[in-house]
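# Reading the structure
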Amino acid sequence: MKAMVNVRLGSGRLPKKALKLLWNGKTSLQVLVERLGAANEVDEIIINTTTNPVDDELIEFCESKGLRYHRGSEEDVLGRMCGCVRLYNIESFIEVFGDCPLIDPQVVDDIAEAFVNSNHDFVGNDLKTTFPPGFEVEVVRSSALLNSEGLCIDPRIREHGTLFIRQNPNLYSVVNVEYSKNISSLPHLTLDTPEDFKIINHLHEALTSIHGDFFNLEDLLIFVAANLDAIEGNKHIERRWKQYRNE
């Protein structure tokens, strides 16, 4: 199945965050692509970015790595995703966000398999937060996405890609996958701010030194439980995504 990574460099809180270098000299986006590519259910990764000139650097990254890409509106993420679907004639796809460099290939596989073995329009783990932020995965039927493009006229909703589908379970078959364990303190591992980068960089270095490049979510949570100070630095930051979750 194709995986679509929605990513841009025009972030206000951490500009060009996808190209920030982690401790081993790899960019955040390169680490994400390598980890996503290790998922068994992923047969191709497509970078979906914007027509903003600042994102030309992402195109250079794609061309250097042999990745296909699509460019569209910076504000209308739903329209950009639909453009990507049309360009590459995609029937269903895995969506991962460009600010999630620690994404777990096994989580990707689990959610993709849940989709493949069902008739749902959407299977994801971000309707309710039970996985740590930064491990979001969505699998979407393209016909549902294209349908939502025609129905959704609110630019505030279109800015969030699949949000119209997630908010309308009366129109689409939508399923949330919850984490199997109750995590008392969820670390926030989405790359939004300098504080996030410091934590992600530290965890990436520590975990790869112990487990290698493809450590999993279980490895991370065990490490965090023993090193709670490693995730303290970004707990005070307000997150925009919370208003769109069923907490």
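Above this text is the structure in question.
Residues numbered from 1 in each chain as written. Predicted model: local features only at pLDDT ≥ 70, side-chain atom pairs only at ≥ 80, totals over all residues. Heavy atoms only, no water.

This part takes up helix H2 (residues 56-65). Turning to H2, its buried residues number three or more, namely Leu58, Ile59, Phe61 and Cys62. All buried residues of H2 project into a common sector of 155° when viewed along the axis, lining one side. Those residues of H2 that are exposed and aimed more than 90 degrees away from the buried face are Glu60, Glu63 and Ser64. Against the buried residues of H2 lie helix H1 (28-37), strand E2 (44-50) and strand E3 (68-72). Once H2 ends, the next one or two residues include glycine 66, with phi positive near 70°. (Buried < 20%, exposed > 50% of the residue type's maximum accessible area, 1.4 Å probe, protein only. Helix = DSSP H or I, 4+ residues; strand = E, 2+ residues; numbered from the N terminus. Arc of directions from axis to C-beta. Contact = heavy atoms within 4.5 Å.)

For the rest of this paragraph, the subject is the side chain of serine 28. Inspection of the secondary structure puts serine 28 in helix H1. Leave out the neighbours within four places in its chain, and serine 28 touches Lys17, Ala18, Lys20, Leu22, Pro101 and Leu191.

A few words now on the side chain of threonine 130. Note on placement: threonine 130 falls in the loop between strand E5 (122-124) and strand E6 (138-141). Judged by relative accessible area, which is 14%, threonine 130 ranks as buried. Engagement of the side chain of threonine 130 in a polar contact is seen with the backbone nitrogen of tyrosine 179, the distance being 2.9 Å. The residues touching threonine 130, leaving out its near neighbours within four places in the chain, are Val177, Glu178, Tyr179, Ile183 and Leu186. (Polar contact = N/O pair within 3.5 Å; in protein donor to acceptor, adjacent residues only side chain to side chain.)

Per the counting criterion, the structure on display carries 14 salt bridges. Here arginine 158 ties to aspartate 76 by a salt bridge, and the two come within 3.0 Å at their closest N and O atoms. Taken as a pair, arginine 158 in helix H6 (residues 155-158) and aspartate 76 in the loop between E3 and helix H3 (77-87) lie far apart in primary sequence, 82 residues in all. As a salt-bridge pair, arginine 86 and glutamate 149 come within 2.5 Å of each other at their nearest N and O atoms. With arginine 86 in helix H3 and glutamate 149 in helix H5 (residues 142-151), the pair connects residues that are 63 residues apart, well separated along the chain. (Salt bridge = Lys/Arg side-chain N within 4 Å of Asp/Glu carboxyl O.)

What follows deals with unusual backbone geometry. In this structure, lysine 16 is a non-glycine residue whose phi angle is positive, near 55°. Structurally, lysine 16 can be placed in the loop between strand E1 (2-6) and H1. For asparagine 89, which is not a glycine, the phi torsion comes out positive at approximately 50°. By the secondary structure assignment, asparagine 89 is in the loop between H3 and strand E4 (92-97). On the basis of relative accessibility, which here comes to 67%, the residue asparagine 89 falls in the exposed class.

Turning next to the sheet that holds E1. Taking strand neighbours across the sheet as the criterion, the 7 strands line up as E3-E2-E1-E4-E6-E5-E7 in an open arrangement whose pairing is mixed. Two strands in the sheet have a free side with no partner beyond their single neighbour: E3 and strand E7 (174-176). Taking the axes of each pair of neighbouring strands and ignoring which way they run, one obtains an average angle of 20° across the sheet. Judged from the 3 bridges that link them, E5 and E6 form a sheet pairing that is antiparallel. Across the sheet, the residue bridging to valine 123 is valine 139, located in E6. The sheet strands contacting H5 are E4 and E6, and the helix crosses E6 at an angle near 75°. (Pairing = 2+ DSSP bridges. Axes fitted to C-alpha atoms, helices over the stretch in contact; angles between N-to-C directions.)

Let's shift gears to the nonpolar core. Proteins that are soluble and globular tend to have nonpolar side chains buried together. Among the nonpolar cores identified, the biggest contains 54 residues, and Leu36, Ile45, Ile47, Ile94, Leu203 and Leu220 are the most heavily contacted of them. Mapped by element, the contributors of at least two residues to this core are E1, H1, E2, H2, E4, helix H4 (105-116), helix H8 (194-211) and helix H9 (217-226). Tallying contributions element by element places H8 first for this core, with 6 residues. The contacts of isoleucine 45, once residues within four sequence positions are left out, are Ala3, Val5, Val33, Leu36, Gly37, Leu67 and Arg68. By size, the runner-up hydrophobic cluster in this structure holds 23 residues, among which are Ile46, Val77, Leu78 and Val140. (Core = buried A, V, L, I, M, F, W, Y, C linked by side-chain atoms within 4.5 Å.)

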